[in-house]
Amino acid sequence: MLRHEFQPGKLVAGFFLTVAGVTYAGDAGGAWETPWFAVIPVVTVGLCLAGAVAFLTHAVRRRRAKPRSSDVSA
């Protein structure tokens, strides 16, 4: 089985899109009434938060991957 690196930005995006899907499924099933525009803020906030998390993850991984010049002794 191939291993891959953990990408928390995709996890956050998937969570918010799942919430949007469950919201519309509940409306379609008659469990509650959801206005057509109610999911737009959920998806927008979720995608913005996922982008911020992905940016921070990339920055942390790039910083950890840099070789430290103080460790090298001449």
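To be clear, the structure that these remarks concern was listed above.
The residue count restarts for each chain, going from 1 along the sequence in the order it is written. At least 70 in pLDDT is required for a residue's local features to be given in this predicted model, at least 80 for side-chain atom pairs to be given and counted, and no such filter applies to totals for whole chains, interfaces and linings, which use all residues. In computing side-chain values, all of the structure's heavy atoms are included and hydrogens and water are not.

**A short note on the pattern of salt bridges**
- Take a side-chain nitrogen of Lys or Arg and a carboxyl oxygen of Asp or Glu: if they are within 4 Å of each other, that pair is a salt bridge. Tallied over the entire structure, the rule returns one salt bridge.
- A salt bridge links Arg61 to Glu5; its shortest N-O distance comes to 3.2 Å. Linking Arg61 in helix α2 (residues 39–65) with Glu5 in the segment before α1 (8–29), this pair joins segments that are 56 residues apart in sequence.
- Here's how the labels work: a residue is buried when its accessible area is under 20% of the maximum for its type, exposed when over 50%, partly exposed in between, all with a 1.4 Å probe on protein chains only. Judged by relative accessible area, Arg61 falls into the partly exposed class, the value being 34%.
- By relative accessible area, Glu5 is classed as partly exposed at 49%. For the purposes of this entry, the term helix denotes a DSSP run of H or I that reaches at least four residues, the term strand denotes a run of E that reaches at least two, and both are numbered from the N terminus.

**Considering the packing of aromatic side chains**
- Classification of ring pairs uses Phe, Tyr and Trp, with its six-membered ring standing for Trp, and accepts pairs whose centres are within 6.5 Å; under 30 degrees between planes counts as stacked, over 60 as edge-to-face, and the remaining range as tilted. Applying the stated criterion across every chain yields a total of two aromatic pairs.
- Ring geometry for Trp36 versus Phe37: centroids 5.6 Å apart, planes at 90 degrees, classification edge-to-face.
- The class of Trp36 is exposed, set by a relative accessible area of 66%.
- Under the relative-accessibility criterion, Phe37 is labelled partly exposed at 46%.

**Overview of the environment of Gly46**
- Positionally, Gly46 belongs in helix α2.
- Using a relative accessible area of 1% as the deciding quantity, one classes Gly46 as buried.
- The spatial distance from the C-alpha of Gly46 to the C-alpha of Gly14 is 8.6 Å, given a sequence separation of 32 residues.
- Filtering out sequence-adjacent residues up to four positions away, Gly46 remains in contact with Val12 and Phe16. We call two residues in contact whenever any of their non-hydrogen atoms come within 4.5 Å of each other.

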